[in-house]
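Here is how the chains run, residue by residue.
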Amino acid sequence: MKVQKVDFDVVVIGGGAAGLSGALSLARARRSVLVIDSGEPRNAPASHVHGYLGREGVAPAELVSVGREEVAGYGGEFLSGRVATVEGSVTDGFRVVLEKGAAVAEVTARRLLVTTGLVDELPPVQGIAERWGREVLHCPHCHGWEVRDAPIGILATGPLAVHQALMWRQWSDDVTLFRHTAPDFDDEQYEQLAARDIAVVDGEVVALEVSDDRLGGVTLAGGRVIPVRAVVVPPLFTARGGVLAELGAKAVDVEMAGQVVGTHLSTDPAGVTSVPGVWAAGNVVDPTANVIGSAAAGLRAGAAVNADLIAEDTRRAVEVRRDRRE
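This section reports on the structure supplied with the text. Computed from a prediction, not measured in an experiment: that's the story for all the values here.

The rules behind each value
- Residues numbered from 1 in each chain as written.
- Predicted model: local features only at pLDDT ≥ 70, side-chain atom pairs only at ≥ 80, totals over all residues.
- Heavy atoms only, no water.
- Helix = DSSP H or I, 4+ residues; strand = E, 2+ residues; numbered from the N terminus.
- Contact = heavy atoms within 4.5 Å.
- Areas by Shrake-Rupley, 256 points an atom, 1.4 Å probe, with all protein chains shown as cover.
- Lys, Arg positive; Asp, Glu negative; His and termini not counted.
- Charge placed at Lys NZ, Arg CZ, Asp CG, Glu CD.
- Core = buried A, V, L, I, M, F, W, Y, C linked by side-chain atoms within 4.5 Å.
- Buried < 20%, exposed > 50% of the residue type's maximum accessible area, 1.4 Å probe, protein only.
- Pairing = 2+ DSSP bridges.
- Salt bridge = Lys/Arg side-chain N within 4 Å of Asp/Glu carboxyl O.
- 1 Å grid on protein atoms, 1.4 Å probe; cavity = no way out; pocket = protein on both sides within 12 Å on 5 of 7 lines; lining within 4 Å.
- Points joined across faces, edges and corners; volume = space filled by probe spheres on them.
- Nonpolar A, V, L, I, M, F, W, Y, C, P; charged D, E, K, R; others polar.
- Axes fitted to C-alpha atoms, helices over the stretch in contact; angles between N-to-C directions.
- Parallel < 35°, antiparallel > 145°, perpendicular 65-115°, else oblique.
- Left-handed = near helix turned anticlockwise from the far one by under 90°.

### So, the overall build of the chain
At step 1: Counting its regular elements, the chain contains seven helices and 19 strands.
At step 2: Principal-axis analysis of the C-alpha atoms gives the chain an extent of 85 × 40 × 35 Å.
At step 3: Counted over contacts in the chain with a minimum sequence separation of 6, partners at least 24 positions apart contribute 60%.
At step 4: For the chain, the computed accessible surface area is about 16200 Å², with 51% contributed by carbon and sulfur atoms.
At step 5: The distance from the centre of the 31 positive side-chain charges to the centre of the 43 negative ones in the chain is 10 Å.

Encoded structure:
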């Protein structure tokens, strides 16, 4: 879509569920909105979106396509490209500079909504990246039903592995926990695993076994192959928040059970960041949010941005009125 202007009320950086929901809210509030999207959604490897009420099983690309049409129907605009830098302030406005190759070099905005998501950094095991989003999974609520009753392997890299194995046991009674690079478990954890009939296999996993484009098992360092149909891995959820570092909104570590599981941008419940005039929503804020959760967060942030603009518009109108009376 061709951009009709370069000055906007709000620029949304990121065009996934959170960004499109925020843009929809703002466009319906009659704000001029531009969505800048690099076209690299986190869920691109997945074939379907799950847990999205009313859109269960929809393809990720279809959900984005329909969302873009809805935003455009209310006057929202789109620009394909990657943001290089962001400058300015809420007082003077923000200048968003795009990388070379974009149709527009830069745009300005009164407010920013950052919905750039995250990158899943995967364990360095041969075959993991190639099967990611297919038989290599991380979220049981997103993909557990699709591998129900199948032999599932859990790749342990830290203290959360036991919790992960116990969760996936809900979807299958054939779960194997590969200790891989994780420290040894304590007696209580071993008791929990035994009580749930979860096998524990020592040794490092070095590769996935794939035949006819289908996962068949995992190979241990000693050469032993153990059959599985799905492998659960713990990615490092790294926020795509670097574009705002110059403004002072830096990503910070996210910890669970004492283990760093990723990074995120800190916000309040409405998406307000530490930088005045900048909001954030979706996986860049909450690494654990699913698609519908990210969409809800984007909608909430969009409404908050509009409320802030209303307050500013009112202040300006009052100042103009007072000047006329003097």
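### Things to note about the nonpolar core
At step 1: Core analysis: the largest hydrophobic core is formed by 28 residues, its most contacted members being Val11, Ile36, Val86, Leu112 and Leu244.
At step 2: Every element with two or more residues in this core is listed here: strand S1 (7-13), strand S2 (33-37), strand S4 (83-89), strand S5 (93-98), strand S6 (106-114) and strand S19 (278-280).
At step 3: Apart from the residues within four sequence positions on either side, Val11 is in contact with Leu34, Ile36, Val96, Val107, Thr108, Ala109, Arg111, Leu112 and Leu113.
At step 4: Residues Ala18, Ala23, Ala301 and Leu309 belong to the second largest nonpolar core, which totals 18 residues.

### Things to note about the sheet that holds strand S8 (residues 136-137)
At step 1: One open sheet accounts for five strands, arranged S8-S15-S9-S10-S11; its pairing is parallel. Bordering the open sheet on either side are S8 and strand S11 (199-201), each of which pairs with just one other strand.
At step 2: Here two bridges tie S8 to strand S15 (residues 230-232), and the two strands are oriented parallel to one another. Pairing of Val136 across the sheet is with Val231, part of S15.

### Remarks on the pattern of salt bridges
At step 1: Counting across every chain of the model gives 18 salt bridges.
At step 2: When salt bridges that share partners are traced, they join Asp9, Arg31, Arg110, Arg111, Asp308, Glu312, Asp313 and Arg316 into one network.

### Points about the layout of surface pockets
At step 1: As a volume, the second largest pocket reaches approximately 310 Å³.
At step 2: Lining the second largest pocket are 16 residues, and of these Arg134, Glu135, Leu137, Glu146 and Val147 sit closest to its centre.
At step 3: The class makeup of the residues in the lining of the second largest pocket is six nonpolar, five polar and five charged.

### Observations regarding the environment of Gly293
At step 1: Inspection of the secondary structure puts Gly293 in helix H7 (residues 291-325).
At step 2: Given the relative accessible area of 29%, Gly293 is considered partly exposed.
At step 3: Through-space distance from the C-alpha of Gly293 to that of Pro140 is 16 Å; in sequence the pair is 153 residues apart.

### A look at the packing of helix H1 (residues 17-28) against helix H2 (residues 60-73)
At step 1: Between H1 and H2, whose axes approach to 9 Å, the crossing angle comes to 15 degrees. When the axis of H1 is compared with that of H2, the two are roughly parallel. Along this stretch, H1 crosses H2, giving a crossing that reads as left-handed. Mapping the contact onto sequence places Leu20, Ala23, Leu24 and Ala27 in H1 and Val64, Gly67, Arg68, Glu70 and Val71 in H2.

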